[in-house]
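# Structural overview
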Amino acid sequence: MNNPYHTPVMLEACMQGLAIKSDGLYVDVTFGGGGHSRSILALMGEKGHLYAFDQDPDARKNLIHDNRFTFIQQNFRFLKNNLRLYGLKHVDGILADLGVSSHQFDQAERGFSTRFDARLDMRMDQSGELDAAKIVNTYNEDELHRIFGMYGEIHNARTLAKTLVKARITGTLETVATLKDSIKGLMPRGKEHKYMAQLFQALRIEVNGELDALQTFLQQSAELLTPGGRLVILSYHSLEDRLVKNFIGKGKFRGEVEKDFFGNEIKPFKSVNRKAITASEDEIAVNNRARSAKLRIAEKI
Ligand SMILES: C[S@@+](CC[C@H](N)C(=O)[O-])C[C@H]1O[C@@H](n2cnc3c(N)ncnc32)[C@H](O)[C@@H]1O
């Protein structure tokens, strides 16, 4: 299924993971081009219903006209409250395909891609106040160091932060080109592309509060799923995958699993697959975005 907006990753494995019931209630919290949503609807019966979230108004271009479908233009960190507005306290399956869509990457003016020169934006929700230019031009050196180190895993994060703080004295760093230009000397030769990708990843995570949103969402999904309900998550970098893995395995994001008086583990999910599922070589050959994808499937206990 090739869609210029976005080609869904590991579609079949995601559908199997959701174990769709004909009359079930499902949530796709990252609607995007609607590829996964369309498959859910195709597998669901007349009595089922699918609620889809996306914080980017552009996703509305792909809305599905089906009376079993409801679109909610919201951040998935507000999943529980929004579902409550529709009278829902429990659902049978939740799917999250994290990160940005190909459409968001390909729209030069959104500022997500290192391939184009554009304003440093990177907001998935364009009504948000924080964009990448604001971070680069107003965060102090320590704050920049923290996000480059933590979210970009950049080895010379301190030097990078220092360099940017110095560069912005002579003029604001508004665009991808000015940013690239100001850090030319810092990028390891031959690895410029990787370095820029790490830098952009760090900025994007900070702009969109991605790790916070993911943690809030995971906690809410544990409250919302009925016993036996499925949680299916596709992630694209190790910071996200670590949070998902820990939450499914231990019921928390760090530290060891808690146990009750009898030694039983206290956690909301059991893992359906021992290890993360990755895309086949065939899929990667036709969709490069699938290369870094990790799929984790869990069942509510
Ligand atoms: C990888 S794409 C999903 C593609 C989709 N599965 C498909 O088949 O087309 C991720 C989408 O999730 C949205 N998104 C990312 N984080 C979000 C969040 N915290 N809340 C709501 N939407 C989010 C993005 O705007 C983007 O459209």
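Here's a quick rundown of the structure. Note that the structure is predicted; figures quoted are calculated from it, not measured.

### Looking at the site of the ligand
Close to the ligand lie 24 residues; Gly33, His36, Asp54, Phe76 and Asp97 are nearest. Between the ligand and Asp54, the relevant distance is 2.6 Å, taken from an oxygen atom to a side-chain nitrogen or oxygen of the residue. The backbone of Gln55 places a nitrogen or oxygen atom 3.2 Å from a nitrogen atom of the ligand. Across the complex, the protein chains shield 98% of the 600 Å² of accessible surface that the ligand would expose by itself. Looking at side-chain class alone, the shell around the ligand contains 7 nonpolar, 13 polar and 4 charged residues.

### Brief notes about the nonpolar core
Grouped together as the largest cluster of nonpolar side chains are 65 residues, with contacts concentrated most on Ile94, Phe148, Leu199, Leu203 and Phe217. Two domains each put at least three residues into this core: domain 1 (11-102 + 210-300) and domain 2 (114-208). Excluding anything up to four places from it in sequence, Leu203 contacts Met122, Ala132, Ile135, Val136, Ile147, Phe148 and Leu179. By size, the runner-up hydrophobic cluster in this structure holds 29 residues, among which are Val9, Ile64, Phe71 and Leu234.

Analysis parameters
Residues numbered from 1 in each chain as written. Predicted model: local features only at pLDDT ≥ 70, side-chain atom pairs only at ≥ 80, totals over all residues. Heavy atoms only, no water. Near = heavy atom within 4 Å. Polar contact = N/O pair within 3.5 Å; in protein donor to acceptor, adjacent residues only side chain to side chain. Areas by Shrake-Rupley, 256 points an atom, 1.4 Å probe, with all protein chains shown as cover. Nonpolar A, V, L, I, M, F, W, Y, C, P; charged D, E, K, R; others polar. Core = buried A, V, L, I, M, F, W, Y, C linked by side-chain atoms within 4.5 Å. Buried < 20%, exposed > 50% of the residue type's maximum accessible area, 1.4 Å probe, protein only. Domains from an automatic or database assignment. Contact = heavy atoms within 4.5 Å.

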